[in-house]
Amino acid sequence: IAGITQAPTSQILAAGRRMTLRCTQDMRHNAMYWYRQDLGLGLRLIHYSNTAGTTGKGEVPDGYSVSRANTDDFPLTLASAVPSQTSVYFCASSDDGGKADTQYFGPGTRLTVL
Amino acid sequence: GDSVTQMEGPVTLSEEAFLTINCTYTATGYPSLFWYVQYPGEGLQLLLKATKADDKGSNKGFEATYRKETTSFHLEKGSVQVSDSAVYFCALSDSRRALTFGSGTRLQVQP
């Protein structure tokens, strides 16, 4: 069982370019999340999905979009990247999104926008 | 809104020393509380959790008690090892949406 996979592992991107970060889970979890991790700020929620076909905005959604066409995949798209989006991005999933649920994290994508 | 405050690091200890990492929270409801650990180059993984007041979470020699009266969830370990070197995140969940994290505390254990 792979758990959660993310791709790419790292990427350097020119400002203004479009980029999609991929996330796939094989645990049949209903809820999925995207966080960004910045030094000294911990992890902040970008977008979430409680079940396939639904999405919601987190704490820092501007400049990002997501889709949830099926249970397993939850891609994050930067329509026009800016340097402030340089960060490490983590995808996570949990069984049903309840407040006691354990979230399982992917290995992360390190993105640098120049 | 919800927030989590944890002590700034890095915390540097010698092997077999006692560890405490403080964590306090602000939440409008009755949150579940978590400690996640991030080893170098990896994603986060759950260390322990507690879902109601006075619950104690424990795992791998670490423990934390949910204290509603002091809104705290301090992480403790009696004897740390070099392999415990990592970044530790306190977090809460007070809704069905996601976790609210503290800023993280880096622990460095020296042999």
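Above this note sits the structure.
Presented here is an overview of the structure given in this document. (Residues numbered from 1 in each chain as written. Chains lettered and ligands numbered in written order. Predicted model: local features only at pLDDT ≥ 70, side-chain atom pairs only at ≥ 80, totals over all residues. Heavy atoms only, no water.)

### Observations regarding the sheet that holds strand β9 (residues 75-77) of chain B
Residue and element names in this part refer to chain B.
Logical step 1: Spatially, 4 strands are ordered β3-β9-β8-β7 in an open sheet, and the strand pairing comes out antiparallel. The open sheet has two edge strands with one neighbour each: β3 (19-21) and β7 (56-59). Strand-to-strand twist across the sheet, computed as the mean angle between neighbouring axes with direction ignored, equals 15°.
Logical step 2: For β3 and β9, the ladder comprises 3 bridges, and the chain directions are antiparallel. Of the residues in β9, the one forming a bridge with T20 is E76. (Pairing = 2+ DSSP bridges. Helix = DSSP H or I, 4+ residues; strand = E, 2+ residues; numbered from the N terminus. Axes fitted to C-alpha atoms, helices over the stretch in contact; angles between N-to-C directions.)

### Here we look at the interface of chain A and chain B
Logical step 1: Taken together, the contact pairs 23 residues of chain A with 23 residues of chain B.
Logical step 2: Three residues stand out in chain A for area buried against chain B, namely L43, K99 and F105 of chain A, and they jointly supply 32% of the buried area on that side.
Logical step 3: Between chain A and chain B we count 0 salt bridges in total.
Logical step 4: At the surface where chain A touches chain B, the tally comes to 8 residue pairs in polar contact (both at pLDDT 80 or more).
Logical step 5: Those elements giving two or more residues to the side of chain A that touches chain B turn out to be β4 (31-38) and β5 (42-49) of chain A.
Logical step 6: Here the element with the most residues in the side of chain A that touches chain B is β5 of chain A; it accounts for 4 residues.
Logical step 7: When its residues are assigned to classes, the side of chain A that touches chain B shows 10 nonpolar, 9 polar and 4 charged. (Contact = heavy atoms within 4.5 Å. Buried area = accessible area lost by both parts, 1.4 Å probe. Salt bridge = Lys/Arg side-chain N within 4 Å of Asp/Glu carboxyl O. Polar contact = N/O pair within 3.5 Å; in protein donor to acceptor, adjacent residues only side chain to side chain. Nonpolar A, V, L, I, M, F, W, Y, C, P; charged D, E, K, R; others polar.)

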